[in-house]
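What follows is each chain in one-letter form.
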Amino acid sequence: MEYFAGVSEALRLTFVQIMIISILSVGIFVVGMYINLKKWGMGSTGYGQAPSKSILTFPKTLMYQMNEHAHVHNQSVLKTFVFDILFQRRILQRSPVRWFMHFTIFVGWMTLFAMSGAMFFVEMTHMIGEKLGYAESLPWFMNPEVFRELLSTPNDIFSYILLVGIIIAIYRRLFVAKTRESTIAYDSILLIGLTVITVTGFIADGIRNNTIWNGVINFDWTIPMTNIALSLHYGDPIFPFTYAPPAALFHVIISLLFCIAYIPFSKYIHIIAIPLALLANKGGE
Amino acid sequence: MAKREPSINTENFTAVQLMELDSCSRCGECVNWCPTYDASGKNPGLAPRDKILRWKEFMNKSYGLRARLFGPKEISAEEIEQFKNDVYGCTTCGMCATVCESAINTVELWESMRANLVKRGNGPYGKQGMFLKLIGEYKNPYMADNKDRTNWFPKDIKVEDKAEVLYFGGCTAELRQRKLALATARVLNKLGIKFTMLGEDEICCGSALVRTGQYFINDTAKINAQKNIDNIEAKGAKIVLYACAGCYRASLIDWPRLTGKELPFKVVHITEFLQDLIKKGEIKWEKSIDKKVTYHDPCHLGRHVGVFEPPRAVLEAIPGIEFVEMERIKENQRCCGAGGGVKAGLPDLALGVASTRVEDALATNADILSSACPFCKRNLSDGRDAIGAKELEVEDVIVLVAEAMGIDLSDTPAE
């Protein structure tokens, strides 16, 4: 059995292709984070001290600052984590619309990411199980095809949640004068990347499921419009599944490159840096 | 070929601060609230978000991936000079930190940038460069004889040689806004509080040096902080009272950091002290102040350390005062414009910010705009004069307290 996302033999992406891209992405991410940690570590461990230039400087300073008494917002790490990192109350306090936008992107993004991770885990466990002969003894939901179906509905829900956030973000960047005027390439790349990933995700999923994209994506201009209309009407794909594997492959590759590899080198770094800043400065309202 | 040296370094930044540069999501909330950006006619260079982005770019040009692979990219002297001008166009009021969705501690970030630029030879800005020399030579930034701190006190003022309570007057109140120092001393006397003062042994708290990034030069700020602490200890003080928000903040936050030690005494603002006495019913009011009063939160007392209620409680306890709030108060208060060395370095900018704050007060129809910091009082008075709002009185809370306690301050000597 070829593995990836539990799709059938006809729709498979090669396991090797995906693994290579995944490892490459994680590798680039690790190198990028190493460079960032080195860069952050060029600071000192405390106020008025000389730069220590060690890769451990940042974690040491972070831990020290988290344990230091603060004159304002002296709250616990747990409170910061729940209210400020997960619930993002600092954004809510400033702008409910921006909070809704950011929160939907955050929830959609993180949940889809977590579900992708879970799917990968199930596939790997099952694949290893097949090699070692314990696959049959795994619980019923640990079958990749079953697990994929289990994730299908939440996958749709969180994809739409993410899409709502992205649409608001695009609207603000295009139609809210103040936001539009302050937008620079640094901001645009983030949003363009996010949009491309989400749209390709919908397209790949649609083609694979042969539902909403039936006959539309496989549009062939040489086919008479009447045939296309009939095809759409009867749900009979003209070229079923032709583009499903490359569409999924494109989505996965671009997701891995944007969502993992590109993080340390772009505005995506805020995904990591903001929670750390909130922890260091004890969040607060 | 040898790689080029980076144009900037990371001196005076902590590792967390360097990380904070990457945590800016550019939401623009800081820009919406920044008082100097507003007063400058929306000069984009003064926008906190822009300053973070520029230093982040400087860091990436010097230490990012490209710099590691092909060597650092040069940052022109003009670019750094422009950056310096912009980073000094900030009162370090901390409004940007309050509204920052990423909780970046911007005040300390600006101070680190300033210290870095001073070390690099770019900072400080304009007349701020005189602070170090003046404080080193005169122990105060006003070029005044340090003996003049308290030797002008009228004979009726009783200052103990040693006491558990010490009043740290501060340079501005003792040497410029003397009515405030006199009011504090007479209020304490009338309340029967035995207190002592440092007199000519008092040295500038160092706030001006820390805020303008000059604290590390010759360790002046650290040495002065330690001398003040030692002198306070020698007076046997357990509680140190401050009527100046700048000195209060410097003592509470900067002194322990500079010296690396916990303070051996309690730091209390005079309004906190009075609030406690009011609760105990130990203050007897003798006069009614039948006026409408509003209160301006000094940044160093409010946002920086969270003392919002005590000054309000004191004002509300004074008979006859009708207390009204301005639109922007407490955490969201608008700065008076004097802090961060702006009053000395960029007086026009300071005046612009102060004028806006005075307009906030005028909108409440208040008769008195009060504050709890002599430096705020000075700049707000200048702002009032600049817009010709002569009907508005600018006065410190402690002076109003003295007045309501029937204390005469008419013998306050001229500066």
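Per chain, residue numbering runs from 1 following the sequence as it is written. Chain letters and ligand numbers both follow the written order, the letters beginning at A and the numbers at 1. Reporting in this predicted model follows two pLDDT cut-offs: at least 70 for local features of residues, and 80 or more for side-chain atom pairs to be given and counted; totals over whole chains, interfaces and linings ignore these cut-offs and use all residues. To get the side-chain values, take all heavy atoms of the structure and skip hydrogens and water.

**Description of the overall build of chain A**
Selection criterion: Strands are runs of DSSP state E lasting at least two residues, helices are runs of H or I lasting at least four, and both sets are numbered from the N terminus onward. Only protein chains enter the accessibility calculation, which uses a 1.4 Å probe. A residue is then buried if its area is under 20% of the maximum for its type, exposed if over 50%, and partly exposed in between. Whether two residues are in contact is decided by their heavy atoms, any of which lying within 4.5 Å being enough.
Counting secondary structure elements, chain A contains 11 helices and 0 strands. Written out in order from the N terminus, the α and β elements of chain A read α-α-α-α-α-α-α-α-α-α-α. Sorting the 285 residues of chain A into buried and exposed places 44% on the buried side. For chain A, the share of sequence-separated contacts (at least 6 apart) that also reach a separation of at least 24 residues comes to 62%.

**Some remarks on the interface of chain B and chain A**
Using the following cut-off: Buried area: the accessible area, evaluated with a 1.4 Å probe, that two parts lose upon being put together, summed over both parts. Just to be clear on terms, a salt bridge is a Lys or Arg side-chain nitrogen sitting within 4 Å of an Asp or Glu carboxyl oxygen. As used in this structure description, the phrase polar contact means that two N or O atoms lie within 3.5 Å; if the pair is within protein, one of them must be able to donate a hydrogen and the other to accept it, and residues adjacent in sequence are counted only when both atoms belong to side chains. For this classification, the nonpolar set comprises Ala, Val, Leu, Ile, Met, Phe, Trp, Tyr, Cys and Pro, the charged set comprises Asp, Glu, Lys and Arg, and every other residue, Gly included, is treated as polar.
Each side of the interface is counted separately: chain B has 47 residues, and chain A has 40 residues. Note on chain B versus chain A: buried area summed over both sides is about 3,800 Å², and carbon and sulfur give 58% of it. It is B:M19, B:R26 and B:E101 in chain B that bury the most area against chain A; as a group they hold 17% of the surface buried on that side. For the pair chain B and chain A, the number of links is 4 salt bridges. Close ionic contact of A:R98 with B:E101 constitutes a salt bridge, the shortest N to O distance being 2.1 Å. Between chain B and chain A we count 17 residue pairs in polar contact (both at pLDDT 80 or more) in total. For the side of chain B that touches chain A, the elements supplying multiple residues, two or more each, are helix 1 (15–22), helix 2 (29–33), helix 4 (48–63), helix 5 (65–70), helix 7 (95–99) and helix 14 (245–259) of chain B. Of the residues that constitute the side of chain B that touches chain A, the class distribution is 22 nonpolar, 13 polar and 12 charged.

**Some points on the environment of A:I157**
All names here are of chain A. Among the secondary structure elements, I157 is positioned in helix 6 (residues 144–175). The exposure class assigned to I157 is partly exposed, which follows from its relative accessible area of 46%. When the C-alpha positions of I157 and L112 are compared, they lie 9.7 Å apart, and in sequence the two are 45 residues distant.

**Notes on the sheet that holds strand 2 (residues 195–196) of chain B**
Residues and elements named next belong to chain B. Inclusion rule: Strands are treated as partners if at least two bridges between them are detected by DSSP. Fitted lines through C-alpha atoms give the axes, limited to the stretch in contact for helices. The angle between two N-to-C directions lies from 0 to 180 degrees.
Taken together, the 4 strands give an open sheet; going across it, the order is 2-1-3-4, and neighbouring strands pair in parallel fashion. Sheet topology places strand 2 and strand 4 (266–269) at the edges, where each strand pairs with a single neighbour. With 4 bridges connecting them, strand 1 (residues 165–168) and strand 3 (residues 239–242) associate as parallel partners. Within strand 3, the position partnered with Y167 by the bridge is L241. Contacts between helix 11 (residues 178–190) and the sheet are confined to strand 1, strand 2 and strand 3, with strand 1 contributing the most and set at about 165° to the helix.

**Here's the deal with the domain arrangement of chain B**
All names here are of chain B. So the rule is basically this: Where each domain starts and ends comes from a domain assignment, either automatic or drawn from a database.
Domain assignment breaks chain B into domain 1 (15–123), domain 2 (127–276) and domain 3 (285–404). Of note, the centres of domain 2 and domain 3, computed from C-alpha atoms alone, are 22 Å apart. Tallying the contact residues gives 30 residues for domain 2 and 29 residues for domain 3. Taking both partners together, domain 2 and domain 3 bury about 2,400 Å²; carbon and sulfur atoms supply 73% of that area. Put simply, K190 and E286 hold a salt bridge, and the shortest N to O gap is 2.9 Å. Summed over the shared surface of domain 2 and domain 3, the result is 5 residue pairs in polar contact (both at pLDDT 80 or more). Across the side of domain 2 that touches domain 3, the residue classes break down as 14 nonpolar, 10 polar and 6 charged.

**Examining the confidence of the model for chain A**
Residues and elements named next belong to chain A. Heads up, the rule is: The predictor attaches a confidence to each residue, called pLDDT, with possible values from 0 through 100.
Of the residues in chain A, 82% reach a pLDDT of 70 or more, and the chain-wide mean stands at 83. Across chain A, the element-wise mean pLDDT spans from 48 in helix 9 (residues 225–234) up to 95 in helix 11 (residues 270–280). Within the model, pLDDT remains below 50 along residues 1–7, and this stretch shows 30 contacts once partners closer than five positions in the same chain are excluded. Note on residues 215–221: pLDDT under 50 across the span, and 14 contacts to partners over four residues away in sequence or across chains.

**Observations concerning the nonpolar core**
Residues and elements named next belong to chain B. To keep it simple, the criterion reads: What is meant by a nonpolar core is a set of buried Ala, Val, Leu, Ile, Met, Phe, Trp, Tyr and Cys residues, joined one to another through side-chain atoms within 4.5 Å.
Core analysis: the biggest nonpolar cluster contains 179 residues, and W55, F168 and W255 have the highest contact counts within it. Looking at this core element by element, the count peaks at 8 residues for helix 14. Listed in part, the 6 residues of the second largest apolar core include W33, M95, V99 and C299.

**Considerations on the packing of helix 18 (residues 347–362) of chain B against helix 19 (residues 374–387) of chain B**
Residue and element names in this part refer to chain B. Using the following cut-off: When an angle is under 35 degrees it counts as roughly parallel; over 145 it counts as roughly antiparallel; between 65 and 115 it counts as roughly perpendicular; any other value is oblique.
Where helix 18 contacts helix 19, the axes come no closer than 7 Å and their chain directions differ by 80°. Of the possible angle classes, the one that applies to helix 18 and helix 19 is roughly perpendicular. Counting all contacts with helix 18, which are made through A350, L351, A354, S355, R357, V358, E359 and L362, the residues of helix 19 involved are N379, L380, D382, G383, R384, A386 and I387. Its residues assigned to classes, the contact of helix 18 with helix 19 shows 8 nonpolar, 3 polar and 4 charged.

**Some points on the pattern of salt bridges**
In the structure shown here, the tally under the stated rule is 39 salt bridges over all chains. The salt bridge involving A:R98 is made with B:E29; its shortest N-O contact spans 2.7 Å. Placement of A:R98 in helix 5 (residues 96–132) and of B:E29 in helix 2 is noted, with the two residues assigned to different chains. No difference in accessibility class separates A:R98 from B:E29, as the two residues are buried.

**A look at helix 18 of chain B**
Residue and element names in this part refer to chain B. Cut-off, in case you're wondering: One fewer than the residue count of a helix, multiplied by 1.5 Å, yields its expected span.
For helix 18, which comprises 16 residues, the first-to-last C-alpha distance of 22 Å matches the rise-based estimate of 22 Å (1.5 Å per residue) to within 8%. What helix 18 keeps buried is the set L349, A350, V353, A354, S355, R357, V358, D360 and A361. Buried positions along helix 18 lie against helix 3 (35–39), strand 5 (292–295), helix 17 (342–345), strand 7 (368–371) and helix 19.

**So, the side chain of A:T125**
When you line up the elements, A:T125 lands in helix 5. If we ignore the near neighbours within four places in the chain, the residues touching A:T125 are A:Y134, A:L138 and A:M142.

**Considerations on a nonpolar patch on the surface**
Going by this rule: Nonpolar side chains (Val, Leu, Ile, Met, Phe, Trp, Tyr) are joined into patches within 5 Å and like charges within 9 Å, using only residues with over 30% relative accessible area and no salt bridge. Each accessible area is a Shrake-Rupley estimate made with a 1.4 Å probe; only the visible protein chains count as cover when residues are assessed.
Taken together, the side chains of A:L24, A:I28, A:L257, A:F265, B:L65, B:L69 and B:F70 make up a nonpolar region of the molecular surface, amounting to roughly 630 Å² of accessible area. Residue assignment for the nonpolar patch shows that the elements contributing at least two residues are helix 1 (15–40) of chain A together with helix 5 of chain B. Per-element tally for the nonpolar patch: the top contributor is helix 5 of chain B, with 3 residues. Summarising the element assignment, B:L69 is placed in helix 5.

**Topic: the packing of helix 11 of chain B against helix 20 (residues 397–404) of chain B**
All names here are of chain B. Definition in use: The handedness criterion is simple: a crossing whose near helix is rotated anticlockwise from the far helix by less than a right angle is left-handed, and one whose near helix is rotated clockwise is right-handed.
Where helix 11 meets helix 20, the closest approach of the two axes is 9 Å, and the angle between their N-to-C directions is 50°. Classed by the angle they form, the pair helix 11 and helix 20 counts as oblique. In this structure, helix 11 meets helix 20 at a crossing whose hand is left-handed. Mapping the contact onto sequence places K179, L180, A183, T184 and V187 in helix 11 and I398, V399, V401 and A402 in helix 20. Grouping the amino acids of the contact of helix 11 with helix 20 by side-chain chemistry returns 7 nonpolar, 1 polar and 1 charged.

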